[in-house]
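Structural features, examined
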Amino acid sequence: MLVLVVDSSTPAVTAALAEVTADGVALRAYRCTVDARAHGELLAPHVDAVLTDADARPGDLAAIVAGLGPGPFTGLRVGLVTAATMGQVLGIPTYGVCSLDGIGHPAAAGEPVLAAGDARRREVYWAVYDGAGQRIAGPDVDAPAVAAARARDLAVTGAVGDGAHRYADVLGLPLRAEPRYPDPAALVTLAAERIRAGAPTEALTPLYLRRPDAVAATARKPVLP
């Protein structure tokens, strides 16, 4: 089965095409550009590019996997709207995966690891994974020092992700170089059982963890002095 993977929860705008078989998952095509201000401009061309690279058409897709975040409101919704719209138009199921799982799951190597993304405002989106790559805490958004304290409580031995690079001095954990952003192979692997089973399509509910910066006015403002 041919599966499209999209993630726009971080500055990395990612699209990939994966083949899911009974035996495993293999990436057929992959495009990623790191640009925190161009999610809307980059994602659709990346989707077109991976289809072209794999000599495939939208009608060949059997499912779509999307990273659910956590991530900033504007960027994250680009990927989720793209995935949901394509799923509806093509009549194929969509499946969501926590984007931090795409960082922490492949980085776990027998010992607990902290996955951290840059949440801006001097905070990180974070989650902790056990040695088998299963999430055991989070996702949440906190100051790096708070995430570090929680990681110590869970005997974490390393940190991974863009937020871990940015706040390495505060986290005080050995830094793992990769993956810095959600790995599309990991995202589709974590959805593979649902894909193989033909599970019903899922609502792609974003993990914002914060309210948007823009809020509706709560009172009328006078127009006259």
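So, a few notes on the structure that sits alongside this text. None of the values given here were measured: they were computed from a predicted structure.

1. Structural notes on the side chain of Thr 94
- Note on placement: Thr 94 falls in strand E5 (residues 94–97).
- Accessibility expressed as a relative area gives 6% for Thr 94, which makes it buried.
- Those residues within four positions of Thr 94 in sequence are excluded, and the remaining contacts are Ile 64, Ala 83, Gly 87, Thr 201, Glu 202 and Leu 204.

2. Focus: the pattern of salt bridges
- Here the structure, examined in full by the defined rule, presents 6 salt bridges.
- The shortest N-O distance in the salt bridge between Glu 19 and Arg 28 comes to 3.6 Å.
- A relative accessible area of 41% means that Arg 28 is categorised as partly exposed.
- Among the salt bridges present, the one from Arg 31 reaches Asp 53, with a minimum N-O distance of 3.0 Å. Of the two residues, Arg 31 sits in strand E3 (residues 25–34) while Asp 53 sits in helix H1 (residues 39–53), which places them 22 residues apart along the sequence.
- We classify Arg 31 as partly exposed; its relative accessible area is 33%.

3. Some thoughts on the side chain of Thr 14
- The topology assignment puts Thr 14 in strand E2 (residues 12–20).
- Taking the relative accessible area as the measure of exposure, Thr 14 reaches 3% and is therefore buried.
- Excluding residues that lie within four positions of it along the chain, Thr 14 makes contacts with Val 5, Val 6, Asp 7, Tyr 30, Arg 31, Cys 32, Leu 43 and Pro 184.

4. Re unusual backbone geometry
- The peptide bond linking Gly 69 to Pro 70 adopts the cis configuration, its omega dihedral lying at 15°.
- The phi angle at Asp 55 is positive, at roughly 55°, despite the residue not being glycine.
- Looking at where Asp 55 falls in the secondary structure, it is placed in the loop between H1 and strand E4 (61–67).

5. A look at the environment of Val 50
- Of note, Val 50 is situated in helix H1.
- On the basis of relative accessibility, which here comes to 0%, the residue Val 50 falls in the buried class.
- In sequence terms Val 50 and Gly 198 are 148 residues apart; their C-alpha atoms lie 23 Å from each other.
- Not counting chain neighbours up to four residues away, the residues in contact with Val 50 comprise Leu 4, Ala 15, Ala 16, Leu 17, Ala 29, Tyr 30 and Arg 31.

About the thresholds
- For every chain, the first residue of the written sequence is number 1, and numbering continues from 1 onward in sequence order.
- Reporting in this predicted model follows two pLDDT cut-offs: at least 70 for local features of residues, and 80 or more for side-chain atom pairs to be given and counted; totals over whole chains, interfaces and linings ignore these cut-offs and use all residues.
- Think of the side-chain values as coming from all heavy atoms in the structure, minus any hydrogens and water.
- Only runs of H or I of at least four residues qualify as helices and only runs of E of at least two qualify as strands under DSSP, and these elements are numbered from the N terminus.
- Three labels apply to residues, based on accessible area from a 1.4 Å probe with only protein chains included: buried if under 20% of the type maximum, exposed if over 50%, partly exposed otherwise in between.
- Note on definitions: a residue-residue contact is assigned when non-hydrogen atoms from the two residues lie within 4.5 Å.
- Here, a salt bridge means any side-chain nitrogen of Lys or Arg that lies within 4 Å of a carboxyl oxygen of Asp or Glu.

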